[in-house]
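Survey of secondary and tertiary structure
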Amino acid sequence: YERQDQRLPKQRLLVVANRLPVSAVRQGKDSWQLEISVGGLVSALLGLKEFDARWIGWAGVNVPDEIGQEALTKALAEKKCIPVFLDEDTVHQYYNGYCNNIIWPLFHYLGLPQEDRLSTTRSFQSQFDAYKKANQMFADVVHEHYEEGDVVWCHDYHLMFLPKCLKEKNSNIKVGWFLHTPFPSSEIHRMLPSRRDLLESVLAADLVGFHTYDYARHFVSACTRILGLEGTPEGVENQGKLTRVAAFPIGIDSDRFIRALELPQVQDHIKELKERFAGRKVMLGVDRLDMIKGIPQKILAFEEFLEENPEWRDKVVLLQIAVPTRTDVPEYQKLSSQVHEIVGRINGRFGTLTAVPIHHLDRSLDFHALCALYAVTDVALITSLRDGMNLVSYEFVACQASKKGVLILSEFAGAAQSLGAGALLVNPWNIAEVAASISQALNMPADEREKMHQHNFMHVTTHTSQEWAATFVSELNDTIIEAQLRTRQ
Ligand code: ADQ
């Protein structure tokens, strides 16, 4: 097979995502400092060693002047990154507006904004126009850098219009699109005023991927019900063209976590944490501060657990690490105050002069601190109201080889489909059920914990991010070869 022949040049891959995997900080008129931001997607694609990959995306900063743009483009080129420059108004309408205020809540079953129905409905159109404009700007940059034979892999709900923009100009481009969030039931998707445009555009891709089979099924039924197209076991048929639709569950770079636990600084950190929380069981939540993560529900369930189990009050601590995101959006500010208020109330109620039951941190932790925290945890508590996959559950499992702690996991996270058999699954809306699961987890016998951990550990170390990315790209290549064979027949 071509790509396995080391003498041939590697196949070029253009990865297009809203954000580049680096953050850029301006140092002067024509100088920039770049820092690689490691996340699920970045580490997944770092594993794609058999491809010659380049990233295309927004650098997260407004660069209105040409000198700044030129300098940033040059600096990014060294990291194989290509910037898309978006002006402030486009970012506001496309990113804060259409992406984060409309698609994100809707795809997580939180509905559409409706404080002021009329102005919201009017702003849908201008935000959608900005969304299309931004997607066209991404497409222009892709076209500028495209070479025949390249594979283009578009990521996430920010870029649902991109497959169409790409194919309109060049129908030979090989395009894949992957969604990192859930794809909701067609009954939810049909609320979107731009429901048809988005589906039609995604269908221009050759391969469309989701984390779970359910999301793929929802997408196919949205295409059949809203567009009247035919769904097949392979995907969706549209005027003789088949768009292949399938599930590609993401994973993590598990070796990176396992290796980190051996480092002296991580070992030191583990020791400190063990001393700090000696005599208490550690429960852990790690989330971006987002309504989809169900943080208030989680803390209320912990309160109910303490209420009903007074014997545990001085024997357990909940560490909730919540990185603030989208801090300029009012709903996120409201959520932050709500969480602080509940934590304050519970600590006031159950705390003593020397200890509080909840430690809540409003910030991100560095990688080594995070690994140490995962390693000392007895029970991880993940209560997302909806979550495409949830990589925190995978990271926890990867760091638990010695402790074999318990994972309490929302049934509404994609991860419930892969780690469900090794976790206590809960409905995060059912506070009493979550409280009872906390009790069950803390009292679970060691052999049962070991069995559940082994199941999860096996999954997390075999279904890695590298395998995910390689499978998607190889399926995209196969899809195109099959389509060519079909047209030749
Ligand atoms: P996210 O919603 O960001 O991702 P998740 O999959 O849990 O959710 O990934 C979060 C990442 O950020 C993890 O690697 C985690 O370690 C890190 N992180 C979170 N809080 C942190 C903190 N306080 N300090 C340090 N690091 C922190 C979206 C979708 C998910 C989907 C992923 C990948 O919403 O459902 O799993 O993309 O497809």
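Report on the accompanying structure. Predicted model, so just to flag it, every value in this text is computed and none were measured.

Rules used throughout
- Residues numbered from 1 in each chain as written.
- Predicted model: local features only at pLDDT ≥ 70, side-chain atom pairs only at ≥ 80, totals over all residues.
- Core = buried A, V, L, I, M, F, W, Y, C linked by C-beta atoms within 7 Å.
- Buried ≥ 20, exposed ≤ 12 C-beta atoms within 10 Å, placed from the backbone.
- Helix = DSSP H or I, 4+ residues; strand = E, 2+ residues; numbered from the N terminus.
- Contact = placed C-beta atoms within 7 Å.
- Near = placed C-beta within 6 Å.
- Nonpolar A, V, L, I, M, F, W, Y, C, P; charged D, E, K, R; others polar.
- Axes fitted to C-alpha atoms, helices over the stretch in contact; angles between N-to-C directions.
- Parallel < 35°, antiparallel > 145°, perpendicular 65-115°, else oblique.
- Left-handed = near helix turned anticlockwise from the far one by under 90°.
- Pairing = 2+ DSSP bridges.

Counting 141 residues, the largest nonpolar core has Val16, Val152, Phe219 and Ile408 as the members making the most contacts within it. The element contributing the most residues to this core is helix H3 (residues 88-107), with 8 residues. When residues no more than four places from it in sequence are discounted, the contact partners of Phe219 are Phe183, Val208, Phe210 and Val245.

Neighbouring residues of the ligand: 20 residues in total, closest His180, Ser364, Gly388, Met389 and Leu391. Mapped onto the shell around the ligand, the elements with two or more residues apiece are strand E12 (281-289), strand E13 (316-324) and helix H14 (391-398). Residues that form the shell around the ligand fall into these classes: 9 nonpolar, 7 polar and 4 charged.

Contact geometry for helix H11 (residues 295-308) and helix H16 (residues 431-442): axes closest at 8 Å, N-to-C directions at 60°. Comparing their axes, H16 and H11 come out oblique. As for the relative orientation of H11 and H16, their crossing is right-handed in sense. Mapping the contact onto sequence places Gln297, Leu300, Ala301, Phe302, Glu304, Phe305 and Glu308 in H11 and Ile431, Ala432, Val434, Ala435, Ile438 and Ser439 in H16.

Further remarks concern the pairing of strand E4 (residues 51-58). In the sheet, strand E1 (residues 11-19) pairs with E4 via 7 bridges, with the strands oriented parallel. Counted as the bridge partner of Arg19 is Trp58 from E4. In the sheet, E4 pairs with strand E5 (residues 81-83) via 3 bridges, with the strands oriented parallel. Directly across from Gly57, in E5, lies its bridge partner Pro83.

Here we take up the sheet that holds E5. Spatially, E5-E4-E1-E6-E7-E8-E11-E10-E9 is the arrangement adopted by the 9 strands of the open sheet, whose pairing is mixed. The sheet is open, and its two borders are formed by E5 and strand E9 (230-231), each paired with just one other strand. Bridge count for strand E6 (residues 151-155) against strand E7 (residues 174-178) is 5 bridges, and the pairing is parallel. Bridged to Val152 within E7 is Val175. The strands touched by helix H8 (residues 213-227) within the sheet are strand E8 (207-210), E9, strand E10 (235-238) and strand E11 (241-247), with E11 carrying the most contacts at an inclination of about 150°.

This next bit is on the pairing of strand E14 (residues 358-361). Judged by which residues are buried, E14 turns out to be one-sided: Ile358 and His360 face inward and are buried, whereas His359 and Leu361, on the alternate face, are not. With 4 bridges connecting them, E13 and E14 associate as parallel partners. Counted as the bridge partner of Gln320 is His360 from E14.

Let us look at the packing of H11 against helix H12 (residues 330-350). With their axes 10 Å apart at the nearest point, H11 and H12 run at an angle of 10° to one another. Between H11 and H12, the angle is such that the two are roughly parallel. Facing Ile295, Pro296, Ile299, Leu300, Glu303 and Leu306 of H11, the residues of H12 in contact are Gln338, Val339, Ile342, Val343, Ile346 and Phe350. The class makeup of the residues in the contact of H11 with H12 is 10 nonpolar, 1 polar and 1 charged.

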